[in-house]
Amino acid sequence: MDADIRGAHAIQVEGLRVTFGDFVAIPNLTFIASYGEIHGVIGPNGAGKTTLLDVITGKTRPKEGTVLLDGKIDLRRLSEPQIALAGVGRKFQKPSVFEALSVRENLELALRLHTRSILAELRGWADPRRAARVAEVLDEISLNDRADVPAGILAHGQKQWLEIGMLLMQRPKLLMLDEPVAGMTEAETRHTADLVRRLRAPDRAILVIEHDMAFVEEIATRVTVLHEGTPIFAGHMRDARTDARVRDVYLGRH
Amino acid sequence: MGGGMLFRTIAISLAALTLALPILGGPLAGSGIGISPYLANIIGQIATFALLAIALDLIWGFAGVLSLGHGLFFAMGGYLIAMHMLKEGYVNAGVVPDLMTFMGWTELPGHWAFFESFPYTAALILILPGMLAFAYGWMSFRSRVSGVYFAIITQALTYVAMLLMFRNDTGFGGNNGMTGFVSLLGLQMGAPQTAVLLATASTGAALAAFLLCGQLVRSPFGRMLVAVRDDEARLRFLGYDTVWPKLAAWTLSGVIAAIAGALYVPQVGIINPRLLSPEVSIEIAVWVALGGRGTLSGAVIGAVVISALKFWLTGFAPDLWPFILSILVIVVVVGLPNGLSDLRLPGLRRMRDGR
């Protein structure tokens, strides 16, 4: 695989076990996302997709397993903000933007130039690099003409793009999108597919959790199908469609 | 967001009041446009309430952290300044504080040491409430206690403080509290000039806090607070440890509330544990809710309007006050989630939206 040529994987999860009380969400998961790929993670409700993202971002702490970013950074030892600063960006399922702030302010806030302290960040707020990066990202997410309106009045799709833009501010190594096109119109979905494809980069892995199969097929270079916390298929989306086990899971047969 | 015409109007009004009070209440006191010491005293008290409301709006309106215990910080400032006045009167004028008399003490307990010094007291008024706010905030924010849970604990803390202060043997005057103040910084309590100067100091402090917090909320730090309010998890997953901006705003808020209390008590001439009752702290939140959260202007308007109403009403129907306050709460909750700024008053809207 081409990722092996480059050395490390963007994210490498091994022997992951996550339980909530008696409920085993993920029994024993090994999962890898490589640089340069757009990796779709699909599966029925309760398959453990969001739990996987929660573990990677530090929101949920697993019982067992290793979670390595870039082959060397042990994410289990870092706090949520530290994981974000290490290069993991996550878009939430529900659009999460700061509604009272302008689009520009949302983006400005998303860039940490001084990762050691918030005070240093505040002192260096007027850094020209910040404004320059905001201008780049505004272009990328096509919200230039909405830069100075409060994020709260944006359309649903625009909020989703703004949130993706906020993650882009820090040039993440791993970009994780949790149902990015849920609730979007067809035009918005197409626009989002274009956006995500443009974000593909050799030094970035993109993880997309999505129920919309057509969308996944359109953008993903590789998919993993999860079922009850276990991968039952890994490969191309078109092969997933014909895979017997995947079809069983989606049709509810076991 | 606090930068409009309404903000400027309030700042200018407070500045004008601060400049005019010493003149209208001093040389011109007896003239037609003069201010009586009684009126000056009421203006001064209301100004301390406005200061207190600004403190709460900073943390509630901007960072989204509701405190139902700001009376705790207010009372701390009040008790500390009261201790200074009693101790100073005892040491320099030989006036024996009431609490010594009825407790049969021949000297004041150890924690009253050095309180005759104003600089020492002033430092404590800033440090003690600041430390308490920091410690409680640090524990709560680190363990992600927020929302209604945080608010209930602030209320409980204030209640605990009230029960503690009701005890006579703690050396804080018990249920009688502290009164009989002689002087403050050389100003005789009860003298007309003192009322005017204390009122002037109060409007000046309210103005200073209004401008300072106004600057703060328009700064990048203020945007960070708003981000905490709008979506704290999002901010955390952008790489910010949100404990620190919250803690900074919360501690500053507690200190401002304590300063308000230290200005209030010399003007009413008494402090007792009833200042720590739940109603007082809830009333502060009602001022801010009624005036409109997250604007600072709304906090000042809410505090001034409601407390002026209360002063007027207690003149002839004090028993009605709890009912009126409750009705106001219901009106805000049901009809005016953003307080008075929801009212479609053309003048007010223009002032608020104007830049």
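From a predicted model like this one, the values you see are computed outputs, not experimental measurements.

Calculation notes
- Residues numbered from 1 in each chain as written.
- Chains lettered and ligands numbered in written order.
- Predicted model: local features only at pLDDT ≥ 70, side-chain atom pairs only at ≥ 80, totals over all residues.
- Helix = DSSP H or I, 4+ residues; strand = E, 2+ residues; numbered from the N terminus.
- Contact = placed C-beta atoms within 7 Å.
- Buried ≥ 20, exposed ≤ 12 C-beta atoms within 10 Å, placed from the backbone.
- Axes fitted to C-alpha atoms, helices over the stretch in contact; angles between N-to-C directions.
- Parallel < 35°, antiparallel > 145°, perpendicular 65-115°, else oblique.
- Left-handed = near helix turned anticlockwise from the far one by under 90°.
- Nonpolar A, V, L, I, M, F, W, Y, C, P; charged D, E, K, R; others polar.
- Pairing = 2+ DSSP bridges.

(A) Representation of the environment of Met-184 of chain A in the model. Residue and element names in this part refer to chain A. When you line up the elements, Met-184 lands in the loop between β7 (174-178) and α8 (186-199). For the pair Met-184 and Gln-158, spaced 26 residues apart in sequence, the C-alpha separation works out to 9.7 Å. Ignoring anything within four residues of it in the chain, the contact list for Met-184 reads His-156, Gly-157, Thr-189 and Thr-192.

(B) Fine view of unusual backbone geometry. All names here are of chain A. Located in the positive-phi region is Asp-70, a residue other than glycine, with phi close to 60 degrees. Note on Asp-70: 19 C-beta atoms within 10 Å, which makes it partly exposed. The backbone of Glu-179 sits at a positive phi, close to 50 degrees, despite the residue not being glycine. In this structure, Glu-179 sits in the loop between β7 and α8. On the basis of neighbour counts, which here come to 20 C-beta atoms within 10 Å, the residue Glu-179 falls in the buried class.

(C) Broad picture of the packing of helix α2 (residues 37-62) of chain B against helix α11 (residues 297-314) of chain B. Residues and elements named next belong to chain B. Where α2 contacts α11, the two axes come as close as 8 Å, and the packing angle between them is 140 degrees. Viewed along their axes, α2 and α11 adopt a mutual orientation that is oblique. Between α2 and α11 lies a crossing whose hand is right-handed. The residues of α11 that touch α2, namely those facing Ile-42, Ile-46, Phe-49, Ala-50, Leu-52, Ala-53, Ile-54, Leu-56, Asp-57 and Gly-61, are Ala-299, Val-300, Gly-302, Ala-303, Val-304, Ser-307, Ala-308 and Phe-311. Residues that form the contact of α2 with α11 fall into these classes: 14 nonpolar, three polar and one charged.

(D) Region of the structure containing the sheet that holds strand β6 (residues 88-91) of chain A. Residues and elements named next belong to chain A. Taking strand neighbours across the sheet as the criterion, the six strands line up as β6-β7-β8-β3-β9-β10 in an open arrangement whose pairing is mixed. In the strand order of this sheet, the two ends are held by β6 and β10 (230-235), each with one partner. On average, each strand axis in the sheet is tilted by 20 degrees relative to the strand beside it, whichever way the strands run. In this sheet, strand β9 (residues 222-227) lies alongside strand β3 (residues 38-42) in parallel orientation, the contact comprising four bridges. Note that in β9 the partner of Val-41 across the bridge is Thr-224.

(E) Geometry of the sheet that holds strand β4 (residues 64-69) of chain A. Residues and elements named next belong to chain A. Here we have four strands laid out as an open sheet, ordered β2-β1-β4-β5, and antiparallel in their pairing. Each edge of the sheet is formed by a strand with only one pairing partner; in this case those strands are β2 (23-33) and β5 (73-74). Alignment of strand β1 (residues 11-20) against β2, held across seven bridges, turns out to be antiparallel. Following the sheet pairing, Val-18 is matched in β2 by Ile-26. The strands touched by helix α2 (residues 49-57) are β1, β2 and β4; relative to β1, the strand with the most contacts, the crossing angle is about 110 degrees.

Structural measurements only, silent on function.
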